[in-house]
Each structure stands twice: as C-alpha cells, then as structure tokens.
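Per-entry structural report
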Amino acid sequence: MTPVIPKWLEIAEKELGVHEIPGPKSEARIVQYHSSTWLTATSDETPWCLTGDTEILTDEGWVRFDILGEQKVAQVNNGKIEFVQPIRKIEKDYDGHVFEINHASVQLICDIGHRWFGHWDGLDKLPEFRTLDLMTTAGLMIPSCHADDNEFAIEDREIQFLAAFLSDGSFKFTSNKEKPWRVQFEVSRQRKIDRLNEFKPDHVYTQNRAYGNSKSPLTCFSFAYPDFISNVCESYKVLKKSFVNSLSMRQAKLFLKEYSVFDGHQKSETGFQLYSSRENLRDDLITIALRAGFIPRVTYNLSPISGRPCWTIRYSEAKRFTYIKKEHVEKAQFKGKLYCVEVPSSLIIVRGASLTPIITGNCSAFTNWCMKQSGLKGTQSAMARSWLKWGVGLTIPAFGCIVVMSRGDNTYSGHVGFWVGDSDEANIRVLGGNQSNSVSIANFPKAKVLGYRWA
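Residues numbered from 1 in each chain as written. Predicted model: local features only at pLDDT ≥ 70, side-chain atom pairs only at ≥ 80, totals over all residues. Heavy atoms only, no water.

**What to know about the overall build of the protein chain**
Selection rule: Put simply, DSSP marks the helices as runs of H or I at least four residues long and the strands as runs of E at least two long, and each gets a number from the N terminus on. The contact criterion used throughout is that any non-hydrogen atoms of two residues lie within 4.5 Å. Accessibility throughout is a Shrake-Rupley quantity obtained with a 1.4 Å probe, and a residue counts as covered only by protein chains that appear here.
Within the protein chain one finds nine helices and 30 strands. A separation threshold of at least 6 residues defines the contact pool for the protein chain, and within that pool the share at least 24 residues apart is 62%. Surface summary for the protein chain: the accessible area is close to 21,100 Å², and the carbon and sulfur share equals 50%.

Right, here's the structure in full:
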C-alpha cells in the first residue's frame, strides 16, 4: 500500500538539496526557516544575534564577530569544548528592541530572540533554552564548560616549567642571537625560590644586595634551554593556540595552579588570582581557565610599580555557574549590525567583559518552517527536543511523522526531522535540515530515537 504523504512532508521534500550555507541560492531560504521559528512582525528575524564587538572563542583565539573569518569556532557539546566549522555565519541589519545585560562578568547586547541556556528555575530543574523576556525572579544560572580528557603530548613537569617561564623567565641567547641558549630566572619570593629548586637548575646564586622596594636580594637560576618550549610557543612568551586549545581539563588545572605560584596567589581554599601585563597571555589564561572547568572573571588596572597595564584573572574551583538576575537585564533600542554563527550543538562561547555560553541552532527551525507552510503551528523553538511535547506520541512510526533523536549523551541537545522509513533493523531514514549542512535524507541509529510524534 502506498503510504499517505502528509502535507508537511510534501513541503519538506521540495526543499531537498538546499544547502545551509551563505550564498545567493540558499541564504534567503535558510532565513525563511529561521524566521518561522519566532512569532515576530518583520520578515527577517534570524534569531540569536549579538553586536559585532562581542568576541567568540575560535581555534585562533578570541575574535570579534564583525571580523570573523574562516576560523573554526568553539562549541560546547555535552559540557565539553570542541572546535567546529560553523554551519553558517549570520550578519543582519537590525532596528528594534534588544536586551542589555549588565552583570559583573557578562556585559552583552543581544536581540530579543536570543536564546540563553541554563537553569531558569533553580538547580533542581533541568537546564533549558529560553529568551530573556521569560526570566523570572529566580534568574538564570549558566553552567561552566571544560576540555575533554584527551591530553596534549607534554610532560607535567614541562607544563609547570612553562608556567614559571611565562611569568618570571627570560632567555639568554647564543653569541649570534639566533636561538635561545638558556632560560634564566631572577626571583626574591621564597615560594618561587623553593619551586625553582625543585626543577633542578644548572646554576644558582644569590646577589649581594636587594634592589628597588624589595627587602630580599634576588636569587638567580639558570637552566639549559628546553626544546619543548619551541613546540608550544610561536614566539617569545607567546603560546601557540594549538597548544592552548589542546590542553585537557587536568593539564589546564595543573598549568593554572603552577602559574599562580609565580604570578598570582591563592585567596582562599578554592579561590585564585592570576596576573598578566600582556594581553595575549591574559587571553590564554582565560581560555585555559575555561578548559579547566572554571568561570574566569577579569579586571583591569595599571601597575603601581611599572605603570603598565595589568589584568587580574580570578576564578574559584568551587564555582560552576554564572548567576544572572532579572535586575541585570534591561530592554533598549538598537539600530545596526548584529552577528552570530550556527553550530551543530547549539552552544557557542562568547565574551563581553568576561565569558558565558550562548545558544544557536537550526535543525528544529527547518521542521518549524515546514509545519508553518502546511498551516500547522510548530513549537516556535529551535530546540530539537521541544518536539517531544508537540502533537501526540506514536508507538510505531507513521510515514512522514516527526522523529526526535538524541545527540551524544547530552540531556538537552538533539536532532529532529521526518521519518521516511527504515534503512535496516538498526537504522532509520530521516528527512531533515542540518544534515551534512543541507536539507537531505540521512540514516540515524534507532537507538538514538527519543520519540515519534504526529499532528
């Protein structure tokens, strides 16, 4: 018997082959998918956008949205940081209301459709996506993220020595100045002296007198230049991003704790402060703190001794959430460019004054668009799992029904499309958007299915 084809599936089939990337043949179509997700008055309300001065974490460091190129961007998947090529980049002219967030560690402007992810009604509730207009007096608690367990090929002692070098070390060059010959330290604090002695220096001596405001003479340490520094630094005291972005959670914690010995201090049992007068190192410390699972906060001042800029990076080993209250959010008018990207997990990492995850996504937008074109109301949400509450549940799939699937082990992320049959005993065929960056039919494991739904 020929299966009855529902109207929404007929509409979806006509979209097969549309690529979800910017371009003259597809961009307008994709904008329509996204516009259908939100009940707005204008024709182009592609959601989840921020101002161009907002920075996004990429494989090349922190980059402003308005100058973002072809870099891979960091997405958060199952709480872990990974770098992916964006499905597409969004740039739009905007004239309307926005939300201004003024918080100690979050200072951002986003459009009214921007979805934030976290615990909205207390930690006893599962995290979910919402727009800021739905915030209650309970506020929003945004969870931290962290690196995975895959470790960069470097010894722990080398990580510790690197942290010490970035803070207090310097190079002594060969006579022709072509390459470093030795690494030298001049320190006066006893904790630094004790730590450097553990690295077994080639030569140590203490000067005869103290200098400047110090009451203790400098102790000088000399080490043979370790080759691993050339593998992790692109220039003098400038770390390679490939190194920073490959540290495991454990390695990141080790680096931060060692750096605090030389250019920081431990404020409490779980609280730490790190210092840097170099902007590139400040950014690396922020990224490493994120990879360690912490929420770094940054303050700026001028050094009272040198007069140079100095940044303080604070974090607590016990803090796992950024808490935004309702009074931190104000509505304002904005006219100008807004930007964002789309990634498969729907979670990206951006920063204003500090860092906080924000959400983008597009697979559910296509499904919403198809429903709207067939005269039905979808979920008005870009969250794939929102479809688990739509319509009625089916114990056995019907041709063209909605199928909702999990993505990894994540309790909130997922994928949604239309069931068009079984491939074999273990797999189903799904027509959907955001499948290999296009509207297509693809195979998915039956084990990933969370539910089948019908209007």
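**Notes on the sheet that holds strand β30 (residues 449-454)**
We count it as follows: Pairing between strands is defined by DSSP: at least two bridges between the two strands are required. Think of each axis as a best-fit line through the C-alpha atoms, taken over the contacting stretch in the case of a helix, with angles from 0 to 180 degrees between the N-to-C directions.
The six strands are arranged β25-β30-β26-β27-β28-β29 in an open sheet whose pairing can be described as antiparallel. Only two strands of the sheet have a single partner each, and these edge strands are β25 (392-394) and β29 (440-445). Taking the axes of each pair of neighbouring strands and ignoring which way they run, one obtains an average angle of 45° across the sheet. Strands β27 (414-422), β28 (427-432) and β30 of the sheet are contacted by helix α1 (residues 7-14), whose axis makes an angle of about 100° with β27.

**Observations regarding the side chain of D111**
Which entries qualify depends on this criterion: In this scheme, a residue with accessible area under 20% of its type's maximum is buried, one over 50% is exposed, and one in between is partly exposed, where area comes from a 1.4 Å probe on protein chains only.
Along the polypeptide, D111 turns up in strand β7 (residues 107-111). You can call D111 buried: its relative accessible area is 1%.

**Notes on the environment of G293**
Mapped onto the secondary structure, G293 falls in the loop between α8 (279-291) and β19 (297-302). Residues G293 and K253, 40 residues apart in the sequence, show an inter-C-alpha distance of 8.4 Å.

**Side note on the sheet that holds strand β20 (residues 309-316)**
Read from one edge of the open sheet, four strands run β17-β18-β20-β19, paired in antiparallel fashion. Each having just a single partner strand, β17 (264-266) and β19 make up the two edges of the open sheet. Across this sheet, the average inter-strand angle for adjacent strands is 15°, counted without regard to direction. Two elements, β19 and β20, share six bridges in a ladder whose sense is antiparallel.

**Quick word on the pairing of strand β23 (residues 347-351)**
Of all five residues in β23, five are buried, a share of seventy percent or more. Alternating residues of β23 divide into L347, I349 and R351 and I348 and V350, and every residue in both groups is buried. For strand β2 (residues 55-58) and β23, the ladder comprises two bridges, and the chain directions are antiparallel. Note on β23: the bridge partner recorded for I56 is V350.

**Some points on the confidence of the model for the protein chain**
As a reminder, the rule being used: pLDDT: the predictor's confidence for each residue, scored from 0 to 100.
Looking at the protein chain, pLDDT values average 85 and 85% of them are 70 or higher. Low pLDDT (under 50) marks residues 20-28, which in the prediction has 19 contacts with non-local residues, meaning those over four places away or in another chain. Confidence over residues 35-47 falls short of pLDDT 50; this stretch has 37 contacts with residues more than four positions distant or in other chains.

**Points about the environment of V183**
With respect to the secondary-structure elements, V183 resides in strand β12 (residues 180-187). C-alpha separation for the pair V183 and F173, spaced ten residues apart in sequence, amounts to 9.0 Å. Sequence-distant contacts of V183, that is, excluding residues within four places in its chain, are made with F161, F165, S170, F171, F221, S222, F223, Y225, P226 and I229.

**Overview of the packing of aromatic side chains**
Cut-off, in case you're wondering: Two rings from Phe, Tyr or Trp (for Trp, the six-membered ring) form a pair when their centres are within 6.5 Å of each other. A pair whose planes differ by under 30 degrees is stacked, one over 60 is edge-to-face, and the rest are tilted. Remark: a charge is flagged as sitting over a ring if the NZ atom of Lys or the CZ atom of Arg is within 6 Å of the ring centre and within 35 degrees of the ring normal.
Evaluated as defined, the whole model comprises 16 aromatic pairs. When the centroid spacing of 5.8 Å and the interplanar angle of 85° are considered together, the rings of F161 and F185 count as edge-to-face. You can see F161 sitting in helix α3 (residues 156-168) and its partner F185 sitting in strand β12, a full 24 residues away along the chain. When its relative accessible area of 1% is taken as the criterion, F185 is described as buried. Following the ring pairs from residue to residue traces out a cluster consisting of F165, F171, F173, Y225 and Y236. For R182, the ring lying beneath its charged end belongs to W181, and the centroid distance is 5.5 Å.

**A few points about the side chain of R195**
Checked against the element boundaries, R195 lands in helix α4 (residues 190-198). Look past the residues within four positions of R195 in its chain and what remains in contact with it is Q160, E258, V261 and F262.

**Some details on the nonpolar core**
Stated formally: We define a nonpolar core as any set of buried Ala, Val, Leu, Ile, Met, Phe, Trp, Tyr and Cys residues linked to one another through side-chain atoms lying within 4.5 Å.
Counting residues in each nonpolar core, the largest one holds 54 residues, and the members touching the most others are L162, F185, I229, F255, L256 and I349. Per-element tally for this core: the top contributor is α3, with seven residues. Apart from the residues within four sequence positions on either side, F255 is in contact with I159, L162, A163, L166, L285 and I288. Judged by nonpolar contacts, the second largest core, of 33 residues, contains C110, W116, L140 and F334.

**Quick notes on the packing of helix α7 (residues 249-263) against α8**
The following threshold applies: Roughly parallel means an angle under 35 degrees; roughly antiparallel means over 145; roughly perpendicular covers 65 to 115; every other angle is labelled oblique. Left-handed describes a crossing whose near helix is turned anticlockwise from the far helix by less than a right angle; the clockwise case is right-handed.
At a minimum axis distance of 8 Å, the contact between α7 and α8 shows a crossing angle of 130°. Between α7 and α8, the angle is such that the two are oblique. The way α7 lies across α8 gives a crossing that is left-handed. Counting all contacts with α7, which are made through M249, A252, F255, L256 and Y259, the residues of α8 involved are L281, L285, I288, A289 and R291.

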